[in-house]
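If you want the building blocks of each chain, they are given just below.
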Amino acid sequence: MLRDGGNAADAALAAAAVLCVTEPMMTGVGGDAFAIVYTRDGRVDGLDAAGPAPANASPEAPVAWDGPRSVTVPGAVAGWAALAERHSRFALDRHLRDAVDHAERGFEVQPYCARYWQHAPKLPEGYAPAPGAGDWVQLPELGATLQAIADHGPDAVYRGRIAQAIVEASWLELEDLASYQARWVEPLRRRYRAVDVYEMPPPTQGIAALEALADLEGMEPTLTNQVECVRRALGRALAGGDTVYLCAVDDDGMAVSFIQSLFGAFGAGITAPGTGVALQNRGACFKVNGVVEPGGRPFHTIIPGLLLHRDGSLLGPFGVMGGFLQAQAHVQLVSALVDDGLDPQDALDRPRFRVDGDRVALEPGLSDRAGEIPNAYVDSDVVGFGGGQAILVGEYGELRAGSDRRKDGYAAFAS
């Protein structure tokens, strides 16, 4: 997209659409999205494309982890359209061209993608059996849905045949879909050392990352202090969360930090019949409040991040996937970049910790530090420590990028 004359928003949208095909257990048309955009004139925009529960949902209904009653309105496609309208050079149909091609002609399944696919608790119709690494997969129904969005815009999802299929598969009603709109919001900002850190406001957990960084600023950024600051910032949490994160920076200085998710692997475990659309189970996060809120939105784990210098110039976009890990991983990544001056790849590769209630999980690279932290244990499964991407802009405009070794990822430069 960049080589074809697009900007960072065009690149992010095209990549987001392709990931809906190539990592369908993580993200898709049936999920939500958030983005932080740094514009060429130095403005910071926040895109909130998270959907609500049904307006007519019963507040007495038990919170469901999966199935029809866990589904909330999918906001991603409305978010794509909003981002394209405000910030991109190309129209939405151009952004979806490669995604349609991959869905119709097929794609090679990557190793971590195959693992997540194989370990999903329930494979919805159209996604079974789970492929292995290197297998070639085609998703023609999803390709047809993406082409309909390219032809007709977001109305293809929120009205008409696809909307009816979503209603048939879930507890949503047609009016829930037809009335949905993505919204532009002001991101939260907090200074940390010599930078400004931007996160998304509620319903995301971005505020938890900023609260932890606020505590850490008054301390030495040691492992023990980071753990303690994260402990204090975190509220009640659920396990799980399957997400994709991506970021882009263009020659004009625009940056996009973008994140999409179905929450659980293949979300609710159901597809809208005949569409290939796996529906998210974001309604499971009403568990944080204890009750379903009719027409309200649940807590959201997914958070894009952005760093600016104190003069307002761009340092770079960043993000870490991993459900409720994300806020605490943001703290660790920002500290690695700002306190220790690491480049993006080294900062992403640094071993992480994860606060799990009263216990603290450590990656094997931190095993020799376990004695410093109460109730610490070593977890050898890197999947539980997320995966991220980051791009930093250097003093002379040079770009440095990194993609987490814990995931199937890619850092590249267009020339």
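Look up a bit, the structure's there.
In this text, all values refer to a predicted model and were calculated from it rather than measured experimentally.

Novice: Is there a simple way to explain the packing of helix 4 (residues 97-105) against helix 6 (residues 140-152) in this structure?
Specialist: In helix packing, the relevant descriptors are the interaxial angle and the interaxial distance, both defined with respect to the helix axes. Their axes nearest at 7 Å, the elements helix 4 and helix 6 cross at an angle of 160 degrees. Accordingly, the angle class assigned to the pair helix 4 and helix 6 is roughly antiparallel. The way helix 4 lies across helix 6 gives a crossing that is left-handed. Here helix 4 contributes A99, V100, A103 and E104 to the contact with helix 6, which in turn contributes P140, L142, G143, L146 and Q147. Partitioning the contact of helix 4 with helix 6 into residue classes produces six nonpolar, two polar and one charged.

Novice: Explain the sheet that holds strand 6 (residues 188-192) to me, please; I cannot follow it from the model alone.
Specialist: Two strands in a sheet stick together by hydrogen bonds in their backbones, pointing the same way (parallel) or opposite ways (antiparallel). Within the open sheet, the six strands sit side by side as 6-7-12-13-17-18. Their pairing is antiparallel. In the strand order of this sheet, the two ends are held by strand 6 and strand 18 (399-403), each with one partner. The mean angle between the axes of side-by-side strands here comes to 15 degrees, regardless of whether they run parallel or antiparallel. Direction of pairing for strand 17 (residues 387-393) relative to strand 18: antiparallel, over a ladder of five bridges. Residue pairing for strand 18: A390 is matched across the bridge by G402. Packed onto the sheet, helix 12 (residues 326-338) meets strand 6, strand 7 (195-199), strand 12 (305-309), strand 13 (314-321) and strand 17 and runs at close to 145 degrees relative to strand 13.

Novice: Sorry if this is basic, but what is going on with unusual backbone geometry here?
Specialist: Trans is the prevailing form of peptide bonds, just as negative phi is the prevailing case for residues other than glycine. The amide bond that connects A128 to the next residue, P129, takes the cis arrangement and shows omega of -5 degrees. Positionally, P129 belongs in the loop between helix 5 (111-118) and strand 4 (136-137). The omega torsion across P202 and P203 is 20 degrees, close enough to zero to call that bond cis. Tracing the backbone shows P203 in the loop between strand 7 and helix 10 (206-217). In this model, R193 sits at a positive phi of 55 degrees, which is unusual for a non-glycine residue. One can find R193 in the loop between strand 6 and strand 7.

Novice: Just to check I follow, could you spell out the packing of helix 10 against helix 12 for this structure?
Specialist: Close contact between helix 10 and helix 12 brings their axes to 8 Å; oriented N to C, the two are set at 45 degrees. Between helix 10 and helix 12, the angle falls in the class oblique. The element helix 10 and its partner helix 12 pack so that their crossing is right-handed. Across from A208, A209, A212, L213 and L216 in helix 10, the residues of helix 12 making contact are A327, H330, V331, V334 and S335. Residue composition of the contact of helix 10 with helix 12, grouped by class: eight nonpolar, two polar and no charged.

Calculation rules
- Residues numbered from 1 in each chain as written.
- Predicted model: local features only at pLDDT ≥ 70, side-chain atom pairs only at ≥ 80, totals over all residues.
- Heavy atoms only, no water.
- Axes fitted to C-alpha atoms, helices over the stretch in contact; angles between N-to-C directions.
- Helix = DSSP H or I, 4+ residues; strand = E, 2+ residues; numbered from the N terminus.
- Parallel < 35°, antiparallel > 145°, perpendicular 65-115°, else oblique.
- Left-handed = near helix turned anticlockwise from the far one by under 90°.
- Contact = heavy atoms within 4.5 Å.
- Nonpolar A, V, L, I, M, F, W, Y, C, P; charged D, E, K, R; others polar.
- Pairing = 2+ DSSP bridges.

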